[in-house]
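# Observations on the model geometry
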Amino acid sequence: MKKALLLASLIAVTGLAQAEVANYAIDPTHTYATFEMRHFGTSTNRGRFDKKEGTVQLDKAAKTGKVEITINVDSVNTGFSKFDSHLKSAEIFDTAKFPTAKFVSTKFNFTGDKVSSIDGELTLKGKTAPVTLKADNFNCYENPMLKREVCGGDFETTFDRTVFGADYGVAYGFPKEVKVVIQVEAIKQ
């Protein structure tokens, strides 16, 4: 009898934990992926990607989650069309062969009830490497206009772009490190 009660309790707890998983869709009007890289140690080159999509799964009780974000690299926008064309060229992003970049999480890390970072793998130019997105801010709220929960925050990472074969300019003194800042909001489905 005790074993049956214990088994029933475990099944109930497992069912409750699974019921806590919520699915979210990235809101493209409140999600931006930007990058910045120093230019000869003086100014900073900046740009963003205008087209992106993705999904998030979040289990606040179990403190787990999953995120997949796909970025259309061909949508790069620096505000200067000649620079955009150079970024899209085979020397840098090679968007003709690799039109998208993708981030897939491997682990959500929490501090208290808030997401503090997300470990994952970034695929860029056909190469995949681990990156960690540090949360500078994370929050969930009931959106008064949508009448649904929205979760999101500001995340950033810095990585060595040469790992992905984007090594243009290194011989001229451009740094290997690129900082990526992602502002993301996702709507509960």
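Note: the structure precedes this text.
Let me begin by describing the structure that accompanies this report. All values reported here derive from a predicted model rather than from experimental measurement.

The rules behind the values
Residues numbered from 1 in each chain as written. Predicted model: local features only at pLDDT ≥ 70, side-chain atom pairs only at ≥ 80, totals over all residues. Heavy atoms only, no water. Pairing = 2+ DSSP bridges. Helix = DSSP H or I, 4+ residues; strand = E, 2+ residues; numbered from the N terminus. Core = buried A, V, L, I, M, F, W, Y, C linked by side-chain atoms within 4.5 Å. Buried < 20%, exposed > 50% of the residue type's maximum accessible area, 1.4 Å probe, protein only. Contact = heavy atoms within 4.5 Å. Disulfide = S-S within 2.5 Å. Phe/Tyr/Trp six-rings, centres within 6.5 Å; stacked < 30°, edge-to-face > 60°. Salt bridge = Lys/Arg side-chain N within 4 Å of Asp/Glu carboxyl O.

## Some words on the pairing of strand β10 (residues 148–160)
Note that strand β9 (residues 127–143) and β10 share nine bridges and pair antiparallel. The partner of N139 across the bridge, within β10, is G152. Two successive antiparallel strands, β9 and β10, enclose a turn made up of four residues, where K147 displays a positive phi of approximately 60°.

## Some details on the nonpolar core
One finds F49, L58, F93, V115 and F155 to be the most contacted residues of the largest nonpolar core, which totals 40 residues. Once residues lying within four places of it in the same chain are set aside, the contact partners of V115 are L58, F108, N109, F110, A135, F138 and F155.

## Section: unusual backbone geometry
One non-glycine residue, K125, adopts positive backbone phi at about 55°. Looking at where K125 falls in the secondary structure, it is placed in the loop between β8 (114–124) and β9. The exposure class of K125 is buried, given its relative accessible area of 10%. Although it is not a glycine, K147 sits at a positive phi angle of roughly 60°. Among the secondary structure elements, K147 is positioned in the loop between β9 and β10. Given the relative accessible area of 63%, K147 is considered exposed.

## Quick look at the state of the cysteines
Enumeration over the complete set of coordinates arrives at one disulfide. Shown here is the disulfide that connects C140 with C151, its sulfur atoms set 2.0 Å apart. Taking the sign of the torsion about the S-S bond as the criterion, the disulfide between C140 and C151, at about 115°, is right-handed. With C140 in strand β9 and C151 in strand β10, the pair connects residues that are eleven residues apart, well separated along the chain. Overall, C140 belongs to the partly exposed group, its relative accessible area being 22%. In this structure C151 comes out as buried when scored by relative accessible area, which is 7%.

## With respect to the environment of Y168
Looking at the element boundaries, Y168 is found in the loop between β10 and β11 (177–188). Taking relative accessible area as the criterion, Y168 reaches 28% and is therefore assigned partly exposed. Residues Y168 and L87 lie 81 residues apart in sequence; the distance between their C-alpha atoms is 9.7 Å. The residues touching Y168, leaving out its near neighbours within four places in the chain, are H86, E91, I92, R161 and F174.

## Section: the packing of aromatic side chains
Taken as a whole and assessed by the stated rule, the structure comprises six aromatic pairs. Both rings, one in F35 and one in F49, keep their centres 5.5 Å apart while their planes meet at 40°; by these two values the pair is tilted. Taken together, the residues F35 in strand β2 (residues 32–39) and F49 in strand β3 (residues 43–49) connect sequence positions 14 residues apart. Judged on exposure class, the residue F35 and its partner F49 are both buried. With a centroid separation of 6.4 Å and an interplanar angle of 80°, the aromatic rings of F35 and F93 are classed as edge-to-face. In this pair, F35 is assigned in strand β2 and F93 in the loop between α2 (81–88) and β7 (100–111), connecting sequence segments 58 residues apart.

## Thoughts on the pattern of salt bridges
Pairs can form between side chains of opposite charge whenever their charged atoms are close. If you walk through the whole model with that rule in mind, you get eight salt bridges. A salt bridge links D50 to R48, with the shortest nitrogen-to-oxygen separation between them at 2.5 Å. Look at D50 and you get partly exposed, because its relative accessible area is 31%. The salt bridge partner of K60 is E149, with a shortest N-O separation of 2.5 Å. One end of the pair, K60, is in the loop between β4 (52–59) and β5 (64–72); the other, E149, is in strand β10, with 89 residues separating them in the sequence. Residue K60 is classed as partly exposed on the basis of its relative accessible area, which comes to 37%. Connected via shared salt-bridge partners are K66, E68 and K102.

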